[in-house]
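Breakdown of the fold
What follows is each chain in one-letter form.
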Amino acid sequence: LPAWQDSQLFIKDLHFDGVPMRIYLPREPSASKRRGVVFMHGGCGIFGSIRSYERICRYIARKSDSVVVSVGYHLAPEHRYPAQTLECLSATVHFLKTADTYGVDPARIIVCGDSVGGTFATSVCQELGHRTDIPKIRAQVLIYPFLQGLNFNLPSHQKNAAVAFLPRERTVHFILKYLNKDCSLKEPILAGSHVPESINLKYRKWINPDLIADEFKLGYKPALPTLFLPQVHEEVQELFEARVSPLLAEDAVICGLPDTCIVTCEHDVLRDEGLLYKKRLEDNNVHVTWHHVEKGFH
């Protein structure tokens, strides 16, 4: 949808440091400065736009009486990774620095995103966590985020392998498209052949089915050992970077994250990534609110 007239909101297209943005400002005067929301849309980094998220951004602005800025980051593969994360980062920093201009309290700004937008949101929080030259992000809201590219055989991957819209195979296909990689790598990645045993051992403390509650593991069968393929590993080094796999960030980074709200859905291949991230945050004394939608899907 274009930025149509709205009886409750002023809506305007802007640019923050060269990044297209759309801002939603409540028309009703406020006695004090409002909350701010930086919204990062989903779409695997290759789909979606400000226009396709028009309704949800209006809804958030109206219902929470907040100033919402929607980030129109440029899409892959035409704009190569990590352009998307960097644009979300740049736009967020700009809003934090200029919040007063829009009647926003800089101490009450959250970042929010769904799917890969959730990846971008928490990546931004990870990169800004220890900065002292700008206001701190108050909270992050992660709606069924993608958080790791090491293990595609977690219980939710198995349970929801063929669920509509985002089946397991398509998830990996889209990740490869986003990273501008050969999609023939999909099968060995699904099997886990891109991960050497040393990395599996290193991250087992964070990415491990044993960390997931039994109620989410009905019918789960541990994956059989697979042959490591060094050439595949070399091709997809980006999957081991925290910008793509925020679950791999070190504890020193995780402990600097703001209060967090995580939304997971039962019928979603990414469900368990949200559950694992929830545990990591809690283990590092980050306050987490968790909403699980039992009949929800990606």
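Everything below is about the structure printed above this text.
Just so it is clear, the model here is predicted, and its values are computed rather than measured.

Reading the values: rules and limits
Residues numbered from 1 in each chain as written. Predicted model: local features only at pLDDT ≥ 70, side-chain atom pairs only at ≥ 80, totals over all residues. Heavy atoms only, no water. Pairing = 2+ DSSP bridges. Helix = DSSP H or I, 4+ residues; strand = E, 2+ residues; numbered from the N terminus. Axes fitted to C-alpha atoms, helices over the stretch in contact; angles between N-to-C directions. Contact = heavy atoms within 4.5 Å. Buried < 20%, exposed > 50% of the residue type's maximum accessible area, 1.4 Å probe, protein only. Right-handed = clockwise from strand over helix to strand, strands pointing away.

**Quick notes on the sheet that holds strand E3 (residues 34–40)**
Reading across from one edge, E1-E2-E4-E3-E5-E6-E7-E8 is the order of the eight strands in this open sheet, with mixed pairing throughout. Both outer strands of the open sheet, strand E1 (9–16) and strand E8 (288–297), are each paired with one neighbouring strand and no more. Neighbour-to-neighbour, the strand axes of the sheet open up by a mean angle of 20°, direction not taken into account. Two strands pair when backbone bridges link them, and strand E5 (residues 104–114) and strand E6 (residues 139–143) are joined in this way by five bridges, in the parallel orientation. Bridging from a neighbouring strand, Asp114 pairs with Ile143 of E6. Sheet contacts for helix H3 (residues 116–128): E3, E5 and E6; angle to E5, the most-contacted strand, approximately 140°.

**Description of the pairing of strand E7 (residues 259–267)**
The element E7 is largely enclosed, with a buried count of seven among its nine residues. Relative to E7, E6 runs parallel, the two sharing five bridges. In the sheet register, Ala139 faces E7, and the bridge partner there is Asp259. Pairing between E7 and E8: seven bridges, direction parallel. The residue of E8 that forms the bridge with His267 is Phe297. Each parallel crossover has a hand, and for E7 linked through helix H10 (residues 271–283) to E8 it is right-handed.

Function cannot be inferred from these measures alone, as they are strictly geometric.
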